[in-house]
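Residue strings, one per chain:
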Amino acid sequence: MEDVADIDAELVRSGNKVTINVFDPKNAKPVATKGYSGAVLIENGTAKETITFVASGDNSLQGEAKTAIAPGATKTLTIKTAEGEAGQAKYKKLQSVRRRWFGGACDTEAKGMLE
C-alpha cells in the first residue's frame, strides 16, 4: 500500500486484472472512488502496456491487461481523486507482505514495493 494523492492505494494483481483499492491514510477506512481516474504502466523488460482504470465496487478501480503480467513487472500508478488531487507511485516485485487486522481495518506492511 502506497500513499499517493492523499489516499492509500493498494495494488492487487490477479492474472491479467489489476485492482487499486483506495483507503483513507488516517484511519484505513475504504474511500469511495466515484469520480476517480487512473492508469497503470506495466513494464516487464522492454515490454510496456498502459491499463486505464474504471470504477469497480465502492472503493476500487480496475483494469485488465491485454497480455500476461509477469510477477516481477514494475507497475507505475497514476491516479487522480474526485477532489482533483493527483499523484504517482511505483510498485516493484513484492518481496514480503504482512497483514494485521485491527477491528475491521487492515494494516499492510510491504517490503521492496516502492523505489
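By convention here, each chain's residues receive numbers from 1 onward along its written sequence. In view of the model being predicted, local features appear only for residues whose pLDDT reaches at least 70, and side-chain atom pairs are presented and counted only at 80 or more, with totals across whole chains, interfaces and linings using the full set of residues. For the side-chain quantities, the full set of heavy atoms in the structure was used; hydrogens and water were omitted.

(A) Here's a closer look at the overall build of the protein chain. A helix here means a DSSP run of H or I that spans at least four residues, while a strand means a run of E at least two residues long, and both kinds are numbered starting from the N terminus. Secondary structure assignment for the protein chain yields 0 helices and 11 strands. The order of helices and strands in the protein chain, counted from the N terminus, is β-β-β-β-β-β-β-β-β-β-β. Burial statistics for the protein chain: of 115 residues in total, 37% are counted as buried. Here a residue-residue contact requires only that any non-hydrogen atoms of the pair lie within 4.5 Å. Long-range pairs, those at least 24 residues apart, make up 47% of the contacts in the protein chain between residues at least 6 apart in sequence. Split by element, the accessible area of the protein chain, about 6,800 Å² in all, is 48% carbon and sulfur. Residue exposure (1.4 Å probe, protein chains only): buried if accessible area is under 20% of the type maximum, exposed if over 50%, otherwise partly exposed. The Shrake-Rupley method, run with a 1.4 Å probe sphere, supplies the accessible areas, and residue values consider only the shown protein chains as cover.

(B) Region of the structure containing the side chain of E49. Along the chain, E49 falls in strand β5 (residues 47-52). At 5.6 Å, K66 is the nearest oppositely charged side chain to E49, a buried residue that forms no salt bridge. Polar contacts, as counted here, are pairs of nitrogen or oxygen atoms within 3.5 Å of one another; within protein the pair requires one atom able to donate a hydrogen and one able to accept it, and residues that are adjacent in sequence qualify only if both atoms are side-chain atoms. Among the polar contacts made by the side chain of E49, one reaches the main-chain amide nitrogen of K66 at a distance of 2.6 Å. Non-local contacts of E49, meaning those with residues more than four positions away in its chain, are made with V40, L41, I42, A65, K66 and T67. Working convention for charge: Lys and Arg count positive, Asp and Glu count negative, and His plus the chain ends are omitted. Every case where a carboxyl oxygen of Asp or Glu lies within 4 Å of a side-chain nitrogen of Lys or Arg is listed as a salt bridge.

(C) Quick peek at the environment of V22. By the element assignment, V22 lies in strand β3 (residues 17-23). Residues V22 and L11, 11 residues apart in the sequence, show an inter-C-alpha distance of 9.1 Å. Here V22 is in contact with I7, D8, K29, P30, V31, T33, Y36 and N59, once residues within four sequence places are set aside.

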